[in-house]
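Chain by chain, the residues:
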Amino acid sequence: MAAKIFYNDDADLSIIQGRSVAIIGYGSQGQAHAQNLRDSGVDVRIGLAEGSKSRAKAEAEGFTVMTVAEATADADVIMILTPDQVQAQVYTQDIEPNLEEGDALFFAHGFNIRFGYIQAPQGVDVAMVAPKGPGHTVRREYETGRGVPALVAVEVNASGTAQELALSYAKGLGATRAGVIETTFTEETETDLFGEQAVLCGGVSQLIQYGFETLTEAGYQPEIAYFEVCHELKLIVDLINEGGITKQRWSCSDTAEYGDYVSGPRVVTPETKEHMNAVLNDIQNGTFAQRFMDDQANGAQEFLELRAKGEAHPIEATGRELRKLFSWNKVQDDYTDGSTQR
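Per chain, residue numbering runs from 1 following the sequence as it is written. Where local features are concerned, this predicted model is filtered to residues with pLDDT of at least 70; where side-chain atom pairs are given and counted, the filter is 80 or more; whole-chain, interface and lining totals use all residues. Hydrogen atoms and water are omitted, and side-chain values are computed over all heavy atoms in the structure.

## Remarks on the packing of helix α11 (residues 222-231) against helix α17 (residues 314-323)
- For every element, the axis is a line fit to its C-alpha atoms; helices are fit only across the contacting stretch, and the angle between N-to-C directions ranges from 0 to 180 degrees. Starting at the N terminus, helices and strands are each numbered in turn, a helix being any DSSP run of H or I of at least four residues and a strand any DSSP run of E of at least two. Packing of α11 against α17 brings their axes to within 10 Å, and their N-to-C directions diverge by 90°. One way to sum up the angle between α11 and α17 is to call them roughly perpendicular. Between α11, through Pro222, Glu223, Tyr226, Phe227, Val229 and Cys230, and α17, the contact on the second element is made entirely by Ile315, Thr318, Gly319, Leu322 and Arg323. Orientation categories follow fixed angle ranges, with anything under 35 degrees roughly parallel, anything over 145 roughly antiparallel, 65 to 115 roughly perpendicular, and all other angles oblique. The contact definition used throughout considers only heavy atoms, calling two residues in contact when any of these lie within 4.5 Å.

## Notes on the packing of helix α9 (residues 185-200) against helix α10 (residues 202-217)
- Where α9 contacts α10, the two axes come as close as 3 Å, and the packing angle between them is 10°. Overall, the two elements α9 and α10 adopt an arrangement that is roughly parallel. Mapping the contact onto sequence places Glu196, Gln197, Ala198, Val199 and Leu200 in α9 and Gly202, Gly203 and Val204 in α10.
- Any residue outside Ala, Val, Leu, Ile, Met, Phe, Trp, Tyr, Cys, Pro, Asp, Glu, Lys and Arg is labelled polar, Gly included; the first ten of those are nonpolar and the last four are charged. For the contact of α9 with α10, a count of residues per class yields four nonpolar, three polar and one charged.

## Considerations on the pairing of strand β5 (residues 77-80)
- Of the two faces of β5, the one holding Val77 and Met79 and the one holding Ile78 and Ile80 are both buried throughout.
- Summarising the sheet, strand β2 (residues 20-24) and β5 pair through four bridges and their orientation is parallel. By the bridge assignment for β5, Ala22 is matched with Ile78.
- Here four bridges tie β5 to strand β6 (residues 104-107), and the two strands are oriented parallel to one another. Its bridge partner being in β6, Ile80 is matched across the sheet by Phe107.
- At this point the chain moves from β5, through helix α5 (residues 84-95), to the parallel β6, and the crossover so formed is right-handed. Throughout, exposure labels follow a simple rule: accessible area from a 1.4 Å probe, protein chains only, divided by the maximum for the residue type, with under 20% read as buried, over 50% as exposed, and the rest as partly exposed. Pairing between strands requires that DSSP locate at least two bridges from one strand to the other. Place the viewer so that the strands point away; then a crossover is right-handed whenever the path from the first strand over the helix to the second strand goes clockwise.

## Let's talk about the environment of Glu50
- Mapped onto the fold, Glu50 is located in the loop between β3 (43-47) and α3 (55-60).
- When the C-alpha positions of Glu50 and Thr67 are compared, they lie 6.5 Å apart, and in sequence the two are 17 residues distant.

## A few points about a nonpolar patch on the surface
- Taken together, the side chains of Leu233, Leu235, Ile236, Val237, Ile240 and Ile245 make up a nonpolar region of the molecular surface, amounting to roughly 450 Å² of accessible area.
- Here Leu235 shows up in helix α12 (residues 233-251). Surface patches are drawn from residues lacking salt bridges whose relative accessible area is over 30%; two like charges belong together within 9 Å, two nonpolar side chains (Val, Leu, Ile, Met, Phe, Trp, Tyr) within 5 Å. The Shrake-Rupley method, run with a 1.4 Å probe sphere, supplies the accessible areas, and residue values consider only the shown protein chains as cover. Salt bridges, as used here, are contacts in which a Lys or Arg side-chain nitrogen is within 4 Å of a carboxyl oxygen on Asp or Glu.

## Re the pattern of salt bridges
- Per the stated rule, a full pass over the model turns up 16 salt bridges.
- For Arg139, the salt bridge identified is with Asp39, shortest N-O distance 2.8 Å. Linking Arg139 in helix α7 (residues 135-143) with Asp39 in helix α2 (residues 28-39), this pair joins segments that are 100 residues apart in sequence.
- For Asp39, a relative accessible area of 45% puts it in the partly exposed group.
- Note that Glu302 and Arg291 form a salt bridge whose closest N and O atoms lie 2.3 Å from each other. Linking Glu302 in helix α16 (residues 301-311) with Arg291 in helix α15 (residues 287-297), this pair joins segments that are eleven residues apart in sequence.
- Accessibility expressed as a relative area gives 28% for Glu302, which makes it partly exposed.
- A cluster of three or more residues bridged by salt bridges with shared partners is formed by Asp39, Arg139 and Glu143.

Here is the structure:
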C-alpha cells in the first residue's frame, strides 16, 4: 500500500497559529522547531530544567524561557524534545501535573509512547511530528524556502482534530513543502530503531571496523585502509542519496560494480539477514528498550563502556591524523562536552 503524503495544501497553518506551543528542550531539534514555528507566526516558549546550559542561548535568540512545569502550564501544545531516556522522568515530574483537558502532547520520536514509559491522561491529544533530518538542516531548509520531509502520526485523538493540528505544526516547520508521510507511533519507533542498529549506525560502523581490521591484519598500511573502507564511504552514500543504489553503481567503475554484485553477498550473507530479524524482534518485543532504559538507570555503565571501546579502535587514531590533511575539513575532533549526550 502506497504511503499517504501530505503537502502544503493539505495543512492549515492557522490552526497552530491559534495555539500556544511549549518546546521542551533546546538542543538541535528544539532550536529548529522553535525558530521555524516562530517565523511561521506561532506563539512559542521554551521549557528547560533549572540550570540548563541552553537557557542563555534560547534567551539570546529572543525566546521566553520557563521551567518545564511553567511552560507546560502556559501552553496547550507541548512538544517534548529531550533525550529518550529522560523523557519519562521529565514528563512525570513537570509535564503531567500541568496538563489540562484539550492540551496536545507532541513528540518527534515514538519511543516513550510505543514502550509505555509515558501515558497521557484522558482528554489530551498525543501526536508525532518527526522531521527526517538533523535540526540544523530543518532550520536551513526552512530559511531557503524549502523543507525537510517529516513523519506524522496520531496515537490519541481526544479532540477529534489531532491530525489537523499535527499537520498544521508540520507546516509551521516547513515540512509540508517537501512532504509529510502518515505513519503510526509503532511503525516509526520500530523502523527507526531497526535502521539505526542494523544499518545506519551499528551495521555501517561494524562493517567499517571489520574492513579496516581485515586490511591491516593482512599487512596493509592503516592509512590506506582508512581511505578505502571509511573515507570514501561518504562518496558512495552521497550518490545513493542522490539517485539510489542504481545511480551509485552507475557512477562507479565497472570493476567496482561487478565486485558489488559478486562479493557483496559473500560479506553480507543470508545469515546477516537472520541476525537482522533477531534485532527487529528484540525491538518489537521491548527487549532492547528495556535493556537501554535499565542501563541508563544504572548510570549508563554499559553505554559508556561500549563508547570507550569504540573510541579506542585503531581506526579512530588513524582517522584523526589523516583528517588533518584535508584543508576543506574544518570539523574539530573535540566535539564533545563531556556528557553522555551528543
